[in-house]
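# Residue-level structure breakdown
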Amino acid sequence: MRIGSYALASPVILAPMAGITDAPYRRICLEQGAGLVVSEMVSARDDLRGTDLSRRRYEPDAWNPVPVVQLLGADPRAMAEAARYAQDAGFAVVDINFGCPARKVCGMACGSAIMGNEPLAREILEAVAKAVDVPVTVKMRTGWDGSHRNAIEIAKAAEGAGFAAVTIHGRTREDLFRGKAEYRTIARAVRELSIPVVANGDIDSPQKAALVLKQTSAAGVMIGRAACGNPWLLGRIGTVLSGGADPGEPDRKTAGRTVLRHFRYHLEYWGDGLSAVLTFRKHARWYLARFGGSGIAAELMKEQDAAVVCRILEDFFEEG
């Protein structure tokens, strides 16, 4: 799979997820076999760039050969300026968020809410594409609701504006994450577009990824919630899609080495104080639950000292 001039080692992409896919987790997922990792969404508003959160999200990962930033906004001029800012910062790819269904985001007329306003969507796509020289991509849903599935029209507008790829999640905004994702719209987009189309939604195993690609002929898959506490899934999917046998999940000790390395990256990025411990808790909970450590997770959630957290993780995974 290619994104502009970039050839990906694997057609498996880590989805942007607010509060989850920060730099340490992106690094772990890239190490575990993801072909591309996308940053958490960052607001296009220039008055927010001075905040610590936005500043961090506008920093390309030095260890990442193809850093991707995802921009959120509803003003074409602001989105274009943010894209230029990201390009100047060193990002290799700029992604546009037309897919987030969160009430807070849609309440600002951003994310998947823009799919309900096709003229505005076209303005944003054209403005961003004209503003930068790096490849631009867009992530969207199948539409606003069941009566307004307009992903094909918006995807064609993106292609016409010069976008390098589109990702489509197989639900509408109205669906949120309820029910099952549908892939008919994605398959149709593949047939009608000449740029790569990435399939997203309910892909939680190598077998499901292979089935979705068979049904849609998409160029790749994007993995979101299924990767939480399970970065190994990305590499497993990549192996199967390349014709290899599924290596399965790592054993507890092997997994523990990844978890502890993730925590070390986390401490390096966030600092070894309380904020690092608090922001790692969700990852620790997912990891521990995956390996039968929900009881240990309850104990860990009370800890505020990084050294103690590290010791709890070491003790649990070494017992395996």
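Values in this document were obtained by computation on a predicted structure and should not be read as measured data. (Residues numbered from 1 in each chain as written. Predicted model: local features only at pLDDT ≥ 70, side-chain atom pairs only at ≥ 80, totals over all residues. Heavy atoms only, no water.)

## Concerning the nonpolar core
For soluble globular proteins, nonpolar side chains are generally found buried alongside one another. How we decide: What we call a nonpolar core is a set of buried Ala, Val, Leu, Ile, Met, Phe, Trp, Tyr and Cys residues that are connected through their side-chain atoms within 4.5 Å. For every residue, the accessible area (1.4 Å probe, protein chains only) is compared with the maximum for its type, and the residue is labelled buried under 20%, exposed over 50%, or partly exposed between those bounds. When checking whether two residues touch, look at their non-hydrogen atoms; a contact exists if any pair is within 4.5 Å.
Core analysis: the largest hydrophobic core is formed by 88 residues, its most contacted members being L71, V94, I96, F98 and L313. Ignoring anything within four residues of it in the chain, the contact list for F98 reads G111, S112, I114, M115, A121, I124, L125, V138, K139, M140, R141 and I154. Ranked by size, the runner-up nonpolar core spans 14 residues in total, among them I3, L8, L36 and V66.

## Examining the pairing of strand β4 (residues 36-43)
Condition: Counting from the N terminus, the helices are DSSP H or I runs at least four residues long and the strands are E runs at least two residues long. Should DSSP find at least two bridges between two strands, the strands are regarded as paired. Note on handedness: a crossover is taken as right-handed if, strands pointing away from the viewer, the path from the first strand over the helix to the second is clockwise.
Across the eight residues that make up β4, a large majority, seven, are buried. Relative to β4, strand β3 (residues 12-14) runs parallel, the two being bridged by two bridges. Opposite I13, over in β4, you have L36 as the bridge partner. When β4 meets strand β5 (residues 68-72), the two strands line up parallel, connected through four bridges. Bridged to V38 within β5 is V68. Read as a crossover between parallel neighbours, the route from β4 over helix α2 (residues 52-57) to β5 is right-handed.

## A word on the pattern of salt bridges
As a reminder of what qualifies: By definition here, a salt bridge exists when the distance from a side-chain nitrogen of Lys or Arg to a carboxyl oxygen of Asp or Glu is within 4 Å.
Under the definition given, this model contains 17 salt bridges. Across the salt bridge formed by R261 and E31, the nearest N and O atoms sit 3.0 Å from each other. Of the two residues, R261 is situated in helix α10 (residues 252-270) and E31 in helix α1 (residues 23-31); the sequence distance between them amounts to 230 residues. Of the charged contacts in the structure, one is a salt bridge between R56 and D52, with a shortest N-O distance of 3.1 Å. Of this pair, R56 and D52 are both found in helix α2, four residues apart, which corresponds to roughly one turn of the helix. Judged by relative accessible area, which is 38%, D52 ranks as partly exposed. Ionic contacts of the salt-bridge type, sharing partners, join the residues D52, R55, R56 and E59 into one network.

## Some details on the packing of helix α6 (residues 151-161) against helix α7 (residues 184-192)
Note the following rule: Structural elements are reduced to axes, namely lines fitted to C-alpha atoms, with helices fitted over the stretch in contact, and the angle between N-to-C directions of any two is expressed from 0 to 180 degrees. When the near helix sits turned anticlockwise from the far one by under a right angle, the crossing is termed left-handed; a clockwise turn instead gives a right-handed crossing. Note that Gly is not counted as nonpolar here; it falls among the polar residues with everything else outside the nonpolar set of Ala, Val, Leu, Ile, Met, Phe, Trp, Tyr, Cys and Pro and the charged set of Asp, Glu, Lys and Arg.
Where α6 contacts α7, the axes come no closer than 10 Å and their chain directions differ by 35 degrees. In this structure, the crossing between α6 and α7 has a hand that is right-handed. Where α6 approaches α7, its residues A151, I152, K156 and E159 are matched on the opposing element by T185, R188, A189 and E192. Of the residues assigned to the contact of α6 with α7, the class counts are three nonpolar, one polar and four charged.

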